[in-house]
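One letter stands for each residue in the lines below.
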2 protein chains.
Amino acid sequence: MKKLVTLKELSLELGVSVSTVSKALNNDPTIGHYTRERVEHLARARHYIPNQVARNFQRRRSLTIGLIVPNVLDQFFVQAINGVDEVATAKQYSVLVSQTLDVESRSNAILDLMRLDGVDGLIATITPNTTNLTPYRQLEAAGIPVVYIARSLNDPACAQVTLLNTDSARIATNFLLDRGHQQLAYINGPTNVNASQQRRTGFEQALQDRHRLADGTIYQPNSLTAADTDAIMAKAMARADYPTGILAFKTYMAIDAITYLKRTYPERLDQIEFVGFGNLPLLKHLSHKPAASIEENPGLMGQEAMRLLMQLISDKPAESTHIEVPGELVVH
Amino acid sequence: MKKLVTLKELSLELGVSVSTVSKALNNDPTIGHYTRERVEHLARARHYIPNQVARNFQRRRSLTIGLIVPNVLDQFFVQAINGVDEVATAKQYSVLVSQTLDVESRSNAILDLMRLDGVDGLIATITPNTTNLTPYRQLEAAGIPVVYIARSLNDPACAQVTLLNTDSARIATNFLLDRGHQQLAYINGPTNVNASQQRRTGFEQALQDRHRLADGTIYQPNSLTAADTDAIMAKAMARADYPTGILAFKTYMAIDAITYLKRTYPERLDQIEFVGFGNLPLLKHLSHKPAASIEENPGLMGQEAMRLLMQLISDKPAESTHIEVPGELVVH
DNA sequence: TTGTAGGCGTTATCAA
DNA sequence: TTGATAACGCCTACAA
């Protein structure tokens, strides 16, 4: 890295002190008009740009935040990243993105790296089998605030941005009931994640509210992989009263399930309707799509997470550290 | 950001000098065994972590590189990002990702930001209508090397990583010829990008080589949007001798074209075969896919770009500043 | 084997 | 209105 022009060089060339140059360029009112002109002129001529690293060092902050997501091939998270990025850019912050691939050891390694990088704060999606937030707690103890996004543990002390899960699941279930399905199913997400429980509750509540207008079965896959979804579908479809209205924890699961049907029960493809969480951009390319999706507004969630994090970083008392974003049903 | 433990604090507590502590922690052989033990012990106990910002400042580098891509919803670039990230992580580097959305003004704003952030180097995909690399040149003049990825201008002075475009296009075209298509078409990419010309050349060469076994028409859309692809398809399909074997500059265009056919000429859906550049993960979810794709190995391209950039940053004479990655035909 | 001193570029404080 | 000085945390010659 070639050396950049520094304040000192400018000051030498102008015959004024370094601090004068600094102040002039930072619009300090105590600098005379004439001097300021000269300084600004030379700075432009020499293409002076302040050394951000030095500045950050001096201010004891990095103007960088970390963003930890499971997988950047998941469009939900891509949109969330964009949301974070928008707000961050507006506030002069940079964003360091890393993916855990839902492996806890990777997650911990990333955490170490982020601490080394001196991030001012963190936005994170925990891995599905995380039950222990100690690594995160250590960061917080070191003064680096953490905002959890999308997935959370049941811990009121954690700042978090999530979907209004129960309501959204209820809306989705009502949609399936309205379409006249007699046998419903819900394919759940990772058990230790709050959202799974909440969506399940919404599903069950909707059935209750409608006086058990239909039967509902809960299926619990081991992971979010296609293989596990296939296994669940195989089980469900083997029943005589197989479900025809299926709510999926993630739209990706619904897509996998549809692929399974196409392969194994093509004749049922038109009887069975899916609703999944996540209104993904890629849906528009699909010929067989879920009947509807819950728009989770990941971009908005990202924005809110970043705003919340900025408050925590600046030690301002955040009005609320639990933000819930409403979901909307989008019929395809 | 709460203050972290510093070398000074450790030294005070141990009653030794700061430099002793520093050396002890950096495995300087001139430090006595006993002292080193004491220092290391206390450092662990106090959870000392070196202040990376101070370190970077002192070393005049940021251990950060910038990565500029058109769109993070494009799976090609997501995979490229991953490739960059792998190599970067291994070399202790962090990656700052920003997207231009193919808007040149955004691209320039990002460039300014990256310079402010003090990145040590840059990997960039230029916007399609970029003809003037001046903003990039200024960065390079400031000692910040730039590696162009995926898209390039015809300028041998630029370090770049691209696909072996001509060869790949020839392979793809031969595939369509082998499938017996009499009328071929190639839907081109942005005219000022090298890859467009090269792929076009490959298409034409393949036809030549096979003694004009089939007719080939070149179509030039204005942009990569679905609307423009639709317009091209409308034109092509209106002909009596409409093409049945179509090579697309990007698989996304092929997908858009298939969607168009499904809507407007469903009866032709099974006659027409596509090959597109980019073997995207989302293909597996599609019912009507291109007959084949060119695997562009975006992850590998990302890795190579990062390796090349590391060489440029370290001022090592890079063996080659033009890396071409071969593409493979993947039949679906 | 350990310590001292200086410097990296910037900003803030206080004195001139 | 300007300048001198110290400080941020770390590293590294060089001196002791």
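Just so you know, these numbers come straight off a predicted model, no measurement behind them.

### Considerations on the protein's contact with DNA strand C
Around DNA strand C sit 27 residues, and of these Ser19(B), Thr20(B), Lys23(B), Gly32(B) and Thr35(B) come closest. The sugar-phosphate share of atoms of DNA strand C within 4 Å of the protein amounts to 60%. Here a phosphate oxygen of DNA strand C sits 3.0 Å away from a polar atom, N or O, in the main chain of Ser17(B). In the model, a phosphate oxygen of DNA strand C is placed 2.4 Å from a nitrogen or oxygen of the Thr20(B) side chain. For the surface near DNA strand C, the elements supplying multiple residues, two or more each, are helix H1 (7–14), helix H2 (18–25) and helix H4 (52–59) of chain A together with helix H2 (18–25) and helix H4 (52–59) of chain B. Among the residues making up the surface near DNA strand C, the classes are represented as 9 nonpolar, 13 polar and 5 charged.

### Brief notes about the relation of the copies chain B and chain A
The two copies are related by a screw motion: chain B maps onto chain A through a turn of 180° and a shift of 0.1 Å along the axis, at an RMSD of 0.1 Å. The transformation relating the two chain copies, once decomposed into turn and shift, fits a two-fold axis. The residues that chain B uses at the interface reappear at the interface of chain A in 98% of cases, marking a shared surface.

### Remarks on the domain arrangement of chain A
As assigned here, chain A comprises domain 1 (7–50), domain 2 (62–163 + 298–325) and domain 3 (165–295). Placing the centre of domain 1 of chain A and that of domain 3 of chain A at their C-alpha centroids yields a distance of 64 Å.

### Comments concerning the protein's contact with DNA strand D
What surrounds DNA strand D is a group of 27 residues, the closest being Thr20(A), Lys23(A), Gly32(A), Thr35(A) and Leu7(B). Near the protein, within 4 Å, the atoms of DNA strand D are sugar or phosphate in 60% of cases. In the environment of DNA strand D, a phosphate oxygen lies 2.7 Å from a nitrogen or oxygen atom belonging to the backbone of Leu7(B). Take Asn51(B): an N or O atom from its main chain is 3.1 Å from a phosphate oxygen of DNA strand D. Of all the secondary structure elements, the ones that give two or more residues to the surface near DNA strand D are H2 and H4 of chain A together with helix H1 (7–14), H2 and H4 of chain B. For the surface near DNA strand D, the per-class residue count stands at 8 nonpolar, 13 polar and 6 charged.

### Observations regarding the interface of chain B and chain A
With 41 residues of chain B at the contact, the number on the chain A side is 42 residues. Where chain B abuts chain A, roughly 4000 Å² becomes buried across the two surfaces, and 62% of that area is made up of carbon and sulfur atoms. Remark: the boundary between chain B and chain A carries 0 salt bridges. Sorting the residues of the side of chain B that touches chain A by element identifies H4, helix H5 (75–90), strand S2 (94–99), helix H6 (104–116) and helix H11 (251–264) of chain B as the ones contributing at least two each. Among the elements that line the side of chain B that touches chain A, the one with the most residues is S2(B), at 6 residues.

### Some words on the sheet that holds strand S9 (residues 273–277) of chain A
All names here are of chain A. The sheet built from 6 strands is open, its strands ordered S7-S6-S8-S9-S10-S12 with mixed pairing. The sheet terminates laterally at strand S7 (215–219) and strand S12 (328–331), the two strands that pair on one side only. On average, each strand axis in the sheet is inclined to that of its neighbour by 20°, with strand direction left out of account. Looking at chain direction, strand S10 (residues 292–295) and S12 are connected through 4 bridges and run antiparallel. Residue pairing for S12: Glu295 is matched across the bridge by Glu328.

### Looking at helix H5 (residues 75–90) of chain A
Residue and element names in this part refer to chain A. With 16 residues, H5 should reach 22 Å at 1.5 Å per residue; the first-to-last C-alpha distance of 23 Å fits that figure. Within H5, 12 of the 16 residues are buried, which leaves it mostly tucked inside the rest of the structure. If you check which residues of H5 are buried, you get Gln75, Phe76, Phe77, Val78, Ala80, Ile81, Asn82, Gly83, Val84, Asp85, Val87 and Ala88. Positive backbone phi, approximately 70°, marks Gln92, located one or two places after H5.

### Looking at the UniProt feature "domain: HTH lacI-type" (unreviewed entry) in chain A
Mapped onto this structure's residue numbering, the UniProt feature "domain: HTH lacI-type" (unreviewed entry) falls at residues 5–59 of chain A. In this annotation, residues 5–59 of chain A is assigned 67% helix and 0% strand; the end-to-end C-alpha distance for the span is 20 Å.

### Thoughts on the sheet that holds strand S8 (residues 245–248) of chain B
Residue and element names in this part refer to chain B. Within the open sheet, the 6 strands sit side by side as S7-S6-S8-S9-S10-S12. Their pairing is mixed. Of all the strands in the sheet, the pair left with one neighbour each is strand S7 (215–219) and strand S12 (328–331). Between one strand axis and the next, the sheet turns by 20° as a mean value, whatever way the strands run. Where S8 and strand S9 (residues 273–277) come together, 4 bridges link them in parallel fashion. Among the inter-strand pairings, Gly245 is bridged to a residue of S9, identified as Glu273.

### Brief notes about the packing of H4(A) against H4(B)
Following both chains from N to C, one finds H4(A) and H4(B) inclined at 140°, their axes separated by 9 Å at the closest point. By the angle class used here, H4(A) and H4(B) are oblique. Crossing geometry of H4(A) relative to H4(B) is assigned as left-handed. Across the interface between the two elements, Val53(A), Ala54(A), Asn56(A) and Phe57(A) from H4(A) touch Val53(B), Ala54(B), Asn56(B) and Phe57(B) from H4(B).

### A short note on the pairing of strand S8 (residues 245–248) of chain A
All names here are of chain A. Residues Gly245 and Leu247 point to one face of S8 and Ile246 and Ala248 to the other, with burial holding for every one of them. Where strand S6 (residues 183–187) and S8 come together, 4 bridges link them in parallel fashion. The residue bridging Tyr186 from the neighbouring strand is Leu247, located in S8. You can see the chain leave S8, run along helix H11 (residues 251–264) and come back into S9, and the turn it takes is right-handed.

### A closer look at the environment of Leu96(B)
Tracing the chain through its elements places Leu96(B) in strand S2. Exposure remark for Leu96(B): the relative accessible area of 7% places this residue in the buried category. Taking the C-alpha atoms as reference points, Leu96(B) and Glu273(B), separated by 177 residues in sequence, lie 39 Å from one another. If sequence neighbours within four positions are ignored, Leu96(B) has contacts with Ser94(A), Val95(A), Leu96(A), Thr64(B), Ile65(B), Gly66(B), Leu67(B), Met114(B), Asp117(B) and Val119(B).

### Some points on the packing of aromatic side chains
Inspection of every chain in the model, using the stated rule, returns 9 aromatic pairs over all chains. Over the aromatic face of Phe249(A) sits the side chain of Arg199(A), whose NZ or CZ is 4.5 Å from the ring centroid. Here the guanidinium or amino end of Arg199(B) rests over the ring plane of Phe277(B), the centre of that ring lying 3.9 Å away.

Thresholds applied
- Residues numbered from 1 in each chain as written.
- Chains lettered and ligands numbered in written order.
- Predicted model: local features only at pLDDT ≥ 70, side-chain atom pairs only at ≥ 80, totals over all residues.
- Heavy atoms only, no water.
- Near = heavy atom within 4 Å.
- Polar contact = N/O pair within 3.5 Å; in protein donor to acceptor, adjacent residues only side chain to side chain.
- Helix = DSSP H or I, 4+ residues; strand = E, 2+ residues; numbered from the N terminus.
- Nonpolar A, V, L, I, M, F, W, Y, C, P; charged D, E, K, R; others polar.
- Least-squares fit on C-alpha atoms with pLDDT ≥ 70 in both.
- Contact = heavy atoms within 4.5 Å.
- Domains from an automatic or database assignment.
- Buried area = accessible area lost by both parts, 1.4 Å probe.
- Salt bridge = Lys/Arg side-chain N within 4 Å of Asp/Glu carboxyl O.
- Pairing = 2+ DSSP bridges.
- Axes fitted to C-alpha atoms, helices over the stretch in contact; angles between N-to-C directions.
- Expected span 1.5 Å × (residues − 1).
- Buried < 20%, exposed > 50% of the residue type's maximum accessible area, 1.4 Å probe, protein only.
- UniProt positions renumbered as here; feature names shortened; annotations may be inferred.
- Parallel < 35°, antiparallel > 145°, perpendicular 65-115°, else oblique.
- Left-handed = near helix turned anticlockwise from the far one by under 90°.
- Right-handed = clockwise from strand over helix to strand, strands pointing away.
- Phe/Tyr/Trp six-rings, centres within 6.5 Å; stacked < 30°, edge-to-face > 60°.
- Lys NZ or Arg CZ within 6 Å of the ring centre and 35° of its normal.

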